[in-house]
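Spelled out, the chains give:
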Amino acid sequence: MVKIVHAQTVLTEDELAALKKKCNESSTKEALSIAVQHYLECEYTNLDDKMWTKKLEKVVQKKKQKKV
């Protein structure tokens, strides 16, 4: 069974408005949920050395493809 918890954070009104716009949501709850889910799934949010290695490899591959 999954345990659900209530979590809070402090944001400026501008940050919240930008998040809602980026998530295309009018609800604070939904925008925060989308942002957290994205952060957990995104390969670029891993705070280890492999993250930067993967990102740099992709940049190099794209540059090589453009030259061909």
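Residues numbered from 1 in each chain as written. Predicted model: local features only at pLDDT ≥ 70, side-chain atom pairs only at ≥ 80, totals over all residues. Heavy atoms only, no water.

**Details of the overall build of the protein chain**
Phase 1 of the analysis: For the protein chain, the count of helices and strands is 3 helices and 0 strands.
Phase 2 of the analysis: In terms of C-alpha radius of gyration, the protein chain reaches 17 Å, well past the compact-globule figure of 11 Å for 68 residues.
Phase 3 of the analysis: Projected onto its principal axes, the C-alpha positions of the protein chain cover 50 × 30 × 20 Å.
Phase 4 of the analysis: About 6900 Å² of surface is accessible on the protein chain, with carbon and sulfur atoms providing 57% of the total.
Phase 5 of the analysis: The protein chain carries 14 positive and 10 negative side-chain charges, and their two centres are separated by 9 Å. (Helix = DSSP H or I, 4+ residues; strand = E, 2+ residues; numbered from the N terminus. Rg over C-alpha atoms; globule rule 2.2 N^0.38 Å. Areas by Shrake-Rupley, 256 points an atom, 1.4 Å probe, with all protein chains shown as cover. Lys, Arg positive; Asp, Glu negative; His and termini not counted. Charge placed at Lys NZ, Arg CZ, Asp CG, Glu CD.)

**What about the confidence of the model for the protein chain?**
Phase 1 of the analysis: Chain-level pLDDT for the protein chain is 87 on average; 93% of the residues reach the 70-or-more range.
Phase 2 of the analysis: Helix 1 (residues 13-23) holds the highest mean pLDDT among the elements of the protein chain, 96, whereas helix 3 (residues 49-67) holds the lowest, 79. (pLDDT = per-residue confidence, 0-100.)

**Some details on a nonpolar patch on the surface**
Phase 1 of the analysis: On the surface, Val36, Tyr39 and Leu40 cluster together into a nonpolar patch covering about 320 Å² of accessible area.
Phase 2 of the analysis: By secondary structure assignment, the location of Tyr39 is in helix 2 (residues 28-41).
Phase 3 of the analysis: What makes Tyr39 partly exposed here is its relative accessible area of 44%. (Patch = residues over 30% accessible without salt bridge, like charges linked within 9 Å, V, L, I, M, F, W, Y side chains within 5 Å. Salt bridge = Lys/Arg side-chain N within 4 Å of Asp/Glu carboxyl O. Buried < 20%, exposed > 50% of the residue type's maximum accessible area, 1.4 Å probe, protein only.)

**Some remarks on the packing of helix 1 against helix 2**
Phase 1 of the analysis: Put simply, helix 1 and helix 2 touch, their axes get as near as 9 Å, and they point 70° apart. Here helix 1 is positioned roughly perpendicular relative to helix 2, judged by the angle of their axes. Residue-level contacts link Leu16, Leu19, Lys20 and Cys23 of helix 1 to Thr28, Ala31, Leu32, Ile34 and Ala35 of helix 2. (Axes fitted to C-alpha atoms, helices over the stretch in contact; angles between N-to-C directions. Parallel < 35°, antiparallel > 145°, perpendicular 65-115°, else oblique. Contact = heavy atoms within 4.5 Å.)

**Section: unusual backbone geometry**
Phase 1 of the analysis: Within the chain, Asn24 stands out as a residue other than glycine whose phi angle is a positive 60°.
Phase 2 of the analysis: Among the structural elements, Asn24 can be located in the loop between helix 1 and helix 2.
Phase 3 of the analysis: What makes Asn24 exposed here is its relative accessible area of 69%.

**Things to note about a positive patch on the surface**
Phase 1 of the analysis: On the surface, Lys62, Lys63, Lys66 and Lys67 cluster together to form a positively charged patch.
Phase 2 of the analysis: Within the secondary structure, Lys62 sits in helix 3.
Phase 3 of the analysis: Overall, the relative accessible area of 54% leaves Lys62 in the exposed class.

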